[in-house]
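In case you want the letters, here they are:
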Amino acid sequence: MLEIIVLNVGLGDSVVIKTQDNSGCYYSLIDCKKIGESVPSIEFLKKNKITHLNTLFITHLHYDHISGLPDLANYLENEDCTIDNIVIPNLPGDPGDWFFVLEYLYPDTLKTLRKSILESLNKLKNINVKNKADGIPTILTMNFEGNTKPSAWRDHLHKKLDFVALSPNAIDSLAILRSAIKKSGDSGESFNSLCHVFIFRYYVDSIEYLFLFTGDLVGQRNWRNVTNRCLSITNKSILNTLCFFKVSHHGAYQIGLKTCLEKIIAVYRPFLAAISCPANNPKHPSEDTLKFFQNHFENCCIACTNVSAYCQDKLKSPQQINPFLLSAQEELFLDSIKAEKHTSINILQGVCADSFVYKIDRKGLHYLPGSGNSCILTNCEECFNLNKFTF
Amino acid sequence: MDLTETHLDLKEKKINAVENIPDREPHKLENLRVKLIDWTAGAAIASMTIGTYTASVRGDDIFDVLEQKSLVSQVYPINIVSPKAKTVADDLKELLAQLDEVIGLYPALVVGLEENLSGDPVKAIIDVSVEGKQYQIKKPLTSIPFPVKLYSRIDIEVRQIGSSKKLYLKPFKQGHLDEEEQKLIKEFLK
């Protein structure tokens, strides 16, 4: 069984990936954002009494993806937890490049945070030694290495889960850094192009499921690269087996995203588009992004971590065919699922009130709304019948 | 600082100070601007500015140095040129700092420029992230004391002035890693 738990962290990312087989449960974490005083990924670890992470993926160094690392490192250290691998942000190996990026992204106004993030990286690196476990976590830079053959898939970072880094490669990184250095007054957004993009592969009874995590990817050239690599590495099976797409940059609209999805997702396949976004923010997700999904993919569910009145208003009109699942209705929704065919579904509530869970098991693929504000947007009312999402 | 000094006393002391403390920096200039807003029995309400420090204050303590009731509602500059006066300015800064507290400094980004009918940009739309929450503010370009363009990064300083909070926009300043931070990176990448 595989579960993807998209935690609500407002503007930012924090995703838990869980796989389970007869030998036990295995967990990995993609990014770790703090929201207010809370770090939802820590709450998840606590609640589920998790003391071992297979892999901690850090997609890039922006605040909204790593601000929870200091708390996470402290928690793991204090709870005697261990980690097998840490996938670090993709930067050229020279410490000087790290200096530049950190100085650029974290001005001295954020010095305390900057320093605590650096301390936490070292703490995480030494966590196994500190907690008397064997070995230290493997620190990995996951460049796209140009390999688009089946051998590109890596299978040892998470039990039963293969994956490939699709972007960036070393040359991209260097080019992006150089351009940022030259461009005075750069907003720091160009560093989103350095963000890791991963594609994951999971098998249930020899059926392949693909998941695309696009981090904060921006830039048409990068999207074009990702599209081509996706199609090559999956031997175009992505057209039929992509079932989960983590929408990049919290739903900000991009032409590159549109072009990429049009090429790699067959319109007739059901899939879930997950958007990790704040409430009431006009850019995240943008109206154009939501409409693009609605207009192009008939069997697409868009799940946002935060329902906002803003989204609701935008999508109610003009089509009036967008059923909304607001928190008050969720229980009814869950009850209706239980009452129908899925009485055996183990309904997992997200630890954060408005996170959501996406689950694949032998019965198929399920979307499980959390207990709070998570919402599901779709232009097909029948999609609420989860049979639609059963492969 | 002797709060009972008048500005005239200060002038005299400046001269004395220059004479008596020659090893200090006599060329340092500080410009204290005081605008008295109101004067009530026994107390003054005014705004005071020294350099980048501004505070609205009420009370008879500070304004004992300015026994000039006739200056109500006028800008009253004191050019402080002496080392002794510099010390007075420092004391005032300290005092003002207590009244005018910086409670946060947040990175922000200009995400849009509003134009007038002639197509000239007049307002900046600024996204600022405060403890994970995203806010959007609009500021007339004329109120921003430095040039901004679309996607300019800026810093927003939030100050508590009495019971109210005020936002101050500052040009973005790139960070500088200290030795310890550089060491941490090298250790991590080792």
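Computed from a predicted model, the values in this text were never measured in an experiment.

> Any chance you could break down the nonpolar core for me, citing the residues and the numbers?
As a rule of thumb, nonpolar side chains are buried together in soluble globular proteins. All names here are of chain A. In this structure, Leu69, Leu72, Leu76, Trp98 and Phe191 are the most contacted members of the largest nonpolar core, which totals 50 residues. When residues of this core are assigned to their parent elements, the largest contribution, seven residues, is made by helix H4 (residues 95-105). Not counting residues within four places of it along the chain, the set of residues in contact with Leu76 comprises Leu45, Leu53, Cys81, Ile83, Leu124, Ile127 and Asn131. Residues Leu242, Cys260, Phe292 and Cys300 belong to the second largest nonpolar core, which totals 35 residues.

> Run through the pattern of salt bridges, naming residues and quoting values.
If you walk through the whole model with that rule in mind, you get 10 salt bridges over all chains. Close ionic contact of Lys34(A) with Asp71(A) constitutes a salt bridge, the shortest N to O distance being 3.2 Å. Of the two residues, Lys34(A) is situated in the loop between strand S3 (24-30) and helix H1 (40-47) and Asp71(A) in helix H3 (residues 69-78); the sequence distance between them amounts to 37 residues. Of the residues examined, Asp71(A) reaches a relative accessible area of 27% and is grouped as partly exposed. Between Lys138(B) and Glu114(B) there is a salt bridge, with the nearest N and O atoms lying 2.5 Å from each other. With Lys138(B) in strand S7 (residues 133-140) and Glu114(B) in strand S5 (residues 100-115), the pair connects residues that are 24 residues apart, well separated along the chain. Among the residues examined, Glu114(B) registers a relative accessible area of 27% and is labelled partly exposed. It is possible to trace a salt-bridge network through shared partners that takes in Lys111(A), Arg114(A), Asp178(B) and Glu181(B).

> Explain a nonpolar patch on the surface to me, using residue names and the numbers behind them.
A surface patch of nonpolar side chains, amounting to about 250 Å² of accessible area, comprises Leu113(B), Leu150(B) and Tyr151(B). Relative to the elements of secondary structure, Leu150(B) occurs in the loop between S7 and strand S8 (153-161).

> I'd like a description of the side chain of Gln254(A), backed by residues and values.
All names here are of chain A. Residue placement: Gln254 occurs in the loop between strand S11 (242-246) and helix H10 (255-264). Residue Gln254 is classed as buried on the basis of its relative accessible area of 10%. Polar contacts involving the side chain of Gln254 include one to the main-chain carbonyl oxygen of Leu217, which spans 3.1 Å. At 3.1 Å, the side chain of Gln254 and the side chain of Ser248 are in polar contact. When near neighbours in sequence (up to four residues on either side) are disregarded, Gln254 contacts Leu217, Val218, Gly219, Trp223, Ser248 and His249.

> How would you summarise the confidence of the model for chain B if you had to cite specific residues and measurements?
All names here are of chain B. Residues with a pLDDT of 70 or more make up 38% of chain B, whose mean pLDDT is 61. Looking at the elements of chain B, mean pLDDT is at its lowest for helix H1 (residues 7-20), recorded as 37, and at its highest for helix H3 (residues 179-189), recorded as 93. Across residues 1-30, confidence stays below pLDDT 50; counting only partners more than four residues off in sequence or on other chains, it has 49 contacts. Below pLDDT 50 for its whole length, residues 57-89 participates in 99 contacts with residues either more than four positions away or in separate chains. Across the predicted assembly, pTM comes out at 0.68 and ipTM at 0.77.

Conventions used here
Residues numbered from 1 in each chain as written. Chains lettered and ligands numbered in written order. Predicted model: local features only at pLDDT ≥ 70, side-chain atom pairs only at ≥ 80, totals over all residues. Heavy atoms only, no water. Core = buried A, V, L, I, M, F, W, Y, C linked by side-chain atoms within 4.5 Å. Buried < 20%, exposed > 50% of the residue type's maximum accessible area, 1.4 Å probe, protein only. Helix = DSSP H or I, 4+ residues; strand = E, 2+ residues; numbered from the N terminus. Contact = heavy atoms within 4.5 Å. Salt bridge = Lys/Arg side-chain N within 4 Å of Asp/Glu carboxyl O. Patch = residues over 30% accessible without salt bridge, like charges linked within 9 Å, V, L, I, M, F, W, Y side chains within 5 Å. Areas by Shrake-Rupley, 256 points an atom, 1.4 Å probe, with all protein chains shown as cover. Polar contact = N/O pair within 3.5 Å; in protein donor to acceptor, adjacent residues only side chain to side chain. pLDDT = per-residue confidence, 0-100.

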